[in-house]
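Residue-level listing of the chains:
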Amino acid sequence: MAYISLSAGLLTLSAWISIPVLDISFTMQTLTLFFLLDLLGGRRVTLAMIVYLGLGAAGLPVFSGFQGGISALLGITGGYIWGFLAGCLLWWLLKPEKHRCLTAAVMGLLLCYSCGTAWFYLAYTDRAAASLWAVILRCVVPYLLPDAVKVLLALRLSGRLRSVVKL
């Protein structure tokens, strides 16, 4: 229970570290999420993500920009928040071993991008005026390199701490 609570807290702190860019901020959540997944596993982090989502749905300011409430979960970045949960579930399903964590992280990140981009496209764009490709250029491409660096750093850090954390 302590790992789950601390993980939900770390996810909150990492959401608050953000740089606003257009409609979707750069946050440290990607780094934190994949660090926790590799360190603690899919089951614990999925439960932590459910706690995090519950706190946010209850109105606590746990999301980027100190937002909270159902409106944040249904807002422009709501698809990415739900995509984090989907990425956790995927990690739990895959149960990657050490040498397959990068593959699982890339798959989880692509799932998060897919959820976020689909939500943005369906709920926040005029599909007659904007193509899916334009939405991908806006919602995914600017984040690819920073997220790749964060995922690699997360996996590196978790690998170093794995021997210290007793599960």
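Residues numbered from 1 in each chain as written. Predicted model: local features only at pLDDT ≥ 70, side-chain atom pairs only at ≥ 80, totals over all residues. Heavy atoms only, no water.

Visitor: I'd like to hear about the packing of helix α2 (residues 29-40) against helix α8 (residues 141-161), residue by residue, with values.
Guide: For the pair α2 and α8, the least separation of the axes is 8 Å and the interaxial angle reads 35 degrees. Read as a crossing pair, α2 and α8 show a hand that is right-handed. Contacts between α2 and α8 involve T30, L31, F34, F35, D38 and L39 from the former and D147, K150, V151, L153, A154, L155, L157, S158, G159 and L161 from the latter. A class-by-class count of the residues in the contact of α2 with α8 yields ten nonpolar, three polar and three charged. (Axes fitted to C-alpha atoms, helices over the stretch in contact; angles between N-to-C directions. Helix = DSSP H or I, 4+ residues; strand = E, 2+ residues; numbered from the N terminus. Left-handed = near helix turned anticlockwise from the far one by under 90°. Contact = heavy atoms within 4.5 Å. Nonpolar A, V, L, I, M, F, W, Y, C, P; charged D, E, K, R; others polar.)

Visitor: Run through the pattern of salt bridges, naming residues and quoting values.
Guide: Scanning all chains against the criterion turns up two salt bridges. One salt bridge in this structure joins R162 and D38, with 2.7 Å as the shortest N-O distance. Of this pair, R162 sits in the segment after α8 while D38 sits in helix α2; the two residues are 124 residues apart in sequence, bridging distant segments of the chain. The class of R162 is partly exposed, set by a relative accessible area of 26%. D147 is paired through a salt bridge with K150; the nearest N and O atoms lie 3.0 Å apart. In this pair, D147 and K150 are both assigned in helix α8, three residues apart and thus about one turn of the helix distant. For the pair shown, D147 and K150 are each scored as buried. (Salt bridge = Lys/Arg side-chain N within 4 Å of Asp/Glu carboxyl O. Buried < 20%, exposed > 50% of the residue type's maximum accessible area, 1.4 Å probe, protein only.)

Visitor: Tell me what's going on with the nonpolar core, and back it up with residues and numbers.
Guide: With 40 residues, the main nonpolar core has L33, F34, M49, F63 and W91 as its most contacted residues. Excluding its chain neighbours within four sequence positions, the residues that come into contact with F34 are W91, A105, G108, L109, V151, A154 and L155. (Core = buried A, V, L, I, M, F, W, Y, C linked by side-chain atoms within 4.5 Å.)

Visitor: Pulling in residues and values, what's your account of the side chain of T46?
Guide: Within the secondary structure, T46 is located in helix α3 (residues 42-57). There is a polar contact of 3.3 Å between the side chain of T46 and the backbone oxygen of C88. If we skip the residues at most four places from it in the chain, T46 touches L85, C88, L89 and W92. (Polar contact = N/O pair within 3.5 Å; in protein donor to acceptor, adjacent residues only side chain to side chain.)

Visitor: Kindly report on a nonpolar patch on the surface, identifying the contributing residues and their values.
Guide: Residues L10, L13, W16 and F66 make up a contiguous nonpolar surface patch of about 390 Å² in total accessible area. Position of L10 among the secondary structure elements: in helix α1 (residues 2-16). Using a relative accessible area of 38% as the deciding quantity, one classes L10 as partly exposed. (Patch = residues over 30% accessible without salt bridge, like charges linked within 9 Å, V, L, I, M, F, W, Y side chains within 5 Å. Areas by Shrake-Rupley, 256 points an atom, 1.4 Å probe, with all protein chains shown as cover.)

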